[in-house]
Structures are given as structure tokens and as C-alpha cells.
Amino acid sequence: MLYHTTDHAKIPRLGLGTWELRGDDAAYAVAKAIEIGYRHIDTAQAYENEEAVGRGIRDSGVPRDELFVTTKIWTDRIEKEEVVGALAESLDKLQMDQVDLTLLHWPVNDMPIDAQVSQLAACKTSGKSKLIGVSNYNQEQLLTALAATDERLSAIQCEYHPFLDQDPILKTARGFDMLFTSYSPIGRGAKGELMENAGVKRVAEYRGKTPTQVILRWHLQQANVAAIPKSSSEDHLRENFDIFGWDLTATDMKTLYGLIKPDGRMINPDWSPKWDTGVAEAA
Ligand SMILES: NC(=O)c1ccc[n+]([C@@H]2O[C@H](COP(=O)([O-])OP(=O)(O)OC[C@H]3O[C@@H](n4cnc5c(N)ncnc54)[C@H](OP(=O)(O)O)[C@@H]3O)[C@@H](O)[C@H]2O)c1
């Protein structure tokens, strides 16, 4: 299942997240995921696993041009206006000439958005990244970023799962024909409560699927949305990939949309921007 950008890139809408996977575990998960059929891998400088992710990709034996690889630039390098140099270091670690997508991992507070995004544009014009985008931007920051560069922003990556309303930013992404990549798409697995939710379990039971499969299917049945669940185990990787060839009904989708919580956001570090949704105090 591919998302076609207006700049003719094809982005697989199910990918592998790699946060908290390091060293041999990361290389194993990446190679195993690719063997299973995943063609989209998400890493970041902050995950300290780019070398291992690159190794896993090479171990898989699948040609580089059949894979979609994303990395993200951490805020310290954005602040120092070193984004292109930082991306060159990522490419060295990954042992690649180019990534498919480079994202600014978080907006830097107290730095104009246009100064952040113009550096990102240089990643594309230098040929080090095929596509560029941002992550963890709020609605206002995204609109500022879109206005600040002539280079197309192809993607935004944000937290998204049935507990979190992301409607405002999703609508903007669709309006600008951007891919919206859902991070923590299954609500962080056992670290969250989503997979234990009675509504999710009920839909899973009706459809003869697992809670994770139902949640991932919910993502992919939404326009412009991709999902990048992380897993370290072969069983989970297989389960999470087995979400094609069947559909949730409109009623199932509605049940999952009905699970939104006003404080549904799970990733909310000190440096977060002022979120549009999902934090109770802001509601
Ligand atoms: N841009 C950002 O700031 C940002 C922030 C957060 C995340 N991300 C990206 O998004 C990716 C995914 O988010 P995430 O890692 O936070 O959370 P997630 O993918 O929602 O959940 C991962 C957790 O779910 C478990 N899991 C996976 N498949 C399962 C299954 N079928 N059954 C039961 N448990 C399962 C995993 O454990 P096992 O390993 O045991 O399977 C892991 O503990 C990250 O890895 C990262 O690439 C980006």
C-alpha cells in the first residue's frame, strides 16, 4: 500500500519504527522486517542506531532502491545551523549516499521556524535527501514552515493513535498533499493502555484479528496516513505486517474514532511545542 507524493515518490504506508532498538537488536529487527516484506524503515540520530539500521538493511540483501529510509535531525544540530552536515554524518553511519526522507525531529523553541526549515531545504538541494519534512510541529508551526520554503515539505510525522485527536493537523497535511506518518501508532504497546481497551478488543474479536492489527488497519484506512510500529520480535513484526487484504467497516472505524481522550497524548517532553490537542490543560 503506497502513498504517492506529488513529487512522484512512492512511500510504503506501513513502516518499521526503531526507537529504543540498538546494536544487534536493531540490525536483526530491520533485516527480519525486510525479509517479512516491510519496505519503509524509520530511524533518527537521537536513536543512536543509524549504524545498526544501515547494517540490517545491507544484511537483508534487498537492493537499497527498493527501500524507503527516513532519518531525523536532532535539535542541537538545528540550533547550530548544522543540519546538512548532520545529515552527512547520518549517511556515513547508514553507509548510504542518500536517504529518502529527512525530518527535523522537533521544532527548536526560540528559533524562527523559517531558519529551521531553510536548512532542511538544503538537504534536498544537495541531493542528500530525496524528500524533506518535519516532525512534532503544531498546526501554526506547520503552516509557517510550509510558507517559509519553496522546497516541498512532503511529510509530517506526529504521534497518532485512537486515543489522540489529530484532526486539525491531519486536515492541513491532506490540504498540502503531505504524508502524515503516525508515530507510536499502537500507543506504545504494553507501555500504554490502548491495546487493552475494551472497544479495540471488541472490534478485534468481531474481525478475528488482534488489537494491534485492528489499530494499524485503522491508520491505513485514513487518507494520507502511514504508520511505523516498532517491534523487536519476529512474531510481532509478522502480526503487524498482516494487515492487508481485509477492511475495517465504517462502524469499526467509528468505534475506534470514539476512543479519543482529551489527554490522550503519550509523548510530551519538556521541549514540546504548545500542542493543539491531546493535553488536558490545553483543552
Ligand atoms: N518523531 C518522533 O518524535 C517519534 C516519537 C516516538 C516514536 N517515533 C517513531 O515511531 C516508532 C513507533 O513508535 P513507538 O516505538 O513509540 O511505539 P509503538 O510502535 O506504538 O509501540 C511499540 C511497542 O509495542 C510493542 N509491540 C509491537 N508490536 C506488537 C504486537 N503485535 N503485540 C504486542 N506488542 C507489540 C513493542 O514491543 P516489542 O518490541 O516487544 O514488539 C513496543 O514495546 C518509533 O519506534 C519511532 O521510529 C517517532
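First, a word on what this report is: a plain description of the structure on this page. Since this is a predicted model, take the numbers as computed values, not measurements. (Residues numbered from 1 in each chain as written. Predicted model: local features only at pLDDT ≥ 70, side-chain atom pairs only at ≥ 80, totals over all residues. Heavy atoms only, no water.)

## Brief notes about empty space enclosed by the protein
Move 1: This structure, assessed with the given rule, holds one cavity of 30 Å³ or more.
Move 2: Estimated volume of the largest cavity: approximately 50 Å³.
Move 3: Contributing to the lining of the largest cavity are Tyr-137, Asn-138, Cys-158, Gln-166, Ile-169, Arg-265, Trp-275, Asp-276 and Thr-277.
Move 4: Classifying every residue of the lining of the largest cavity by side-chain character gives four nonpolar, three polar and two charged. (1 Å grid on protein atoms, 1.4 Å probe; cavity = no way out; pocket = protein on both sides within 12 Å on 5 of 7 lines; lining within 4 Å. Points joined across faces, edges and corners; volume = space filled by probe spheres on them. Nonpolar A, V, L, I, M, F, W, Y, C, P; charged D, E, K, R; others polar.)

## Here's the deal with the layout of surface pockets
Move 1: Estimates place the volume of the largest pocket at around 740 Å³.
Move 2: Taken together, 35 residues form the lining of the largest pocket, with Trp-19, Glu-20, Ser-184, Arg-188 and Lys-230 sitting closest to its centre.
Move 3: For the lining of the largest pocket, the element with the most residues is helix H10 (residues 234-241), which contributes three residues.
Move 4: Taken together, the residues of the lining of the largest pocket sort by class into 15 nonpolar, 13 polar and seven charged.
Move 5: Of the pockets and cavities examined, the second largest pocket occupies roughly 260 Å³.
Move 6: Forming the boundary of the second largest pocket are 13 residues, of which Lys-10, Asp-65, Leu-67, Asp-100 and Lys-130 lie nearest the centre. (Helix = DSSP H or I, 4+ residues; strand = E, 2+ residues; numbered from the N terminus.)

## Some thoughts on the site of the ligand
Move 1: Taken together, 28 residues surround the ligand, and among them Asp-42, Ser-184, Ser-231, Ser-232 and His-236 come closest.
Move 2: Between the ligand and the protein, one listed contact pairs a nitrogen atom with a side-chain N or O atom of Tyr-47 at 3.3 Å.
Move 3: When isolated, the ligand has an accessible area of 900 Å², and the protein chains bury 90% of it.
Move 4: Its atoms largely coinciding with the cavity grid, the ligand occupies the largest pocket.
Move 5: No other element matches H10, which puts three residues into the shell around the ligand.
Move 6: Taken together, the residues that form the shell around the ligand break down as nine nonpolar, 14 polar and five charged. (Near = heavy atom within 4 Å. Polar contact = N/O pair within 3.5 Å; in protein donor to acceptor, adjacent residues only side chain to side chain. Areas by Shrake-Rupley, 256 points an atom, 1.4 Å probe, with all protein chains shown as cover. Sits in = over half its atoms within 2 Å of the grid points.)

## Points about the side chain of His-105
Move 1: For His-105, the position within the fold is in the loop between strand S6 (99-104) and helix H5 (113-125).
Move 2: The buried category is assigned to His-105, whose relative accessible area is 6%.
Move 3: Ignoring sequence-local partners within four residues, the contact set of His-105 consists of Ala-44, Ala-46, Tyr-47, Lys-72, Ile-73, Trp-74, Ile-78, Ser-135 and Asn-136. (Buried < 20%, exposed > 50% of the residue type's maximum accessible area, 1.4 Å probe, protein only. Contact = heavy atoms within 4.5 Å.)

## Quick word on the sheet that holds strand S5 (residues 68-73)
Move 1: Sheet architecture is open: eight strands sit in the order S3-S4-S5-S6-S7-S8-S9-S10, paired in parallel fashion. Edge positions in the sheet fall to strand S3 (16-17) and strand S10 (225-227), since each has one partner strand and no second.
Move 2: Relative to S10, strand S9 (residues 179-183) is paired through three bridges, and the arrangement is parallel. Directly across from Phe-180, in S10, lies its bridge partner Val-225. (Pairing = 2+ DSSP bridges.)

## Notes on unusual backbone geometry
Move 1: At Asp-110, a position not held by glycine, the phi torsion is positive, near 65 degrees.
Move 2: Here Asp-110 lies in the loop between S6 and H5.
Move 3: For Asp-110, a relative accessible area of 84% puts it in the exposed group.
Move 4: Of note, Asn-224 is a non-glycine position whose phi angle comes to about 70 degrees, a positive value.
Move 5: With respect to the helices, strands and loops of the structure, Asn-224 is situated in the loop between helix H9 (211-220) and S10.

## Considering helix H4 (residues 83-94)
Move 1: Here H4 is 12 residues long and its end C-alpha atoms lie 16 Å apart, about the 16 Å a rise of 1.5 Å per residue gives.
Move 2: Considered for burial, the residues of H4 that qualify are Val-83, Ala-86, Leu-87, Ser-90, Leu-91 and Leu-94. Along H4, the residues classed as buried sweep out an arc of 145 degrees about the axis, all on the same side.
Move 3: Its buried side turned inward, H4 meets helix H2 (50-60), S5, helix H3 (75-79), S6, H5 and strand S7 (129-135). (Expected span 1.5 Å × (residues − 1). Arc of directions from axis to C-beta.)

## Points about the nonpolar core
Move 1: If you look at the biggest cluster of nonpolar residues, it comprises 64 residues, and the most contacted ones within it are Tyr-137, Ile-156 and Phe-180.
Move 2: Once you skip the residues sitting within four places of it in the chain, Ile-156 turns out to touch Val-134, Tyr-137, Leu-142, Ile-169, Ala-173, Met-178, Leu-179, Phe-180 and Thr-181. (Core = buried A, V, L, I, M, F, W, Y, C linked by side-chain atoms within 4.5 Å.)

## So, the pairing of S5
Move 1: The element S5 is extensively covered by neighbouring structure, given that six of its six residues are classed as buried.
Move 2: Neither face of S5 is open: one carries Phe-68, Thr-70 and Lys-72, the other Val-69, Thr-71 and Ile-73, and all of them are buried.
Move 3: Tracing the backbone out of strand S4 (residues 40-42), into H2 and back to the parallel element S5 gives a crossover that is right-handed.
Move 4: Looking at chain direction, S5 and S6 are connected through four bridges and run parallel. Opposite Thr-71, over in S6, you have Thr-102 as the bridge partner. (Right-handed = clockwise from strand over helix to strand, strands pointing away.)

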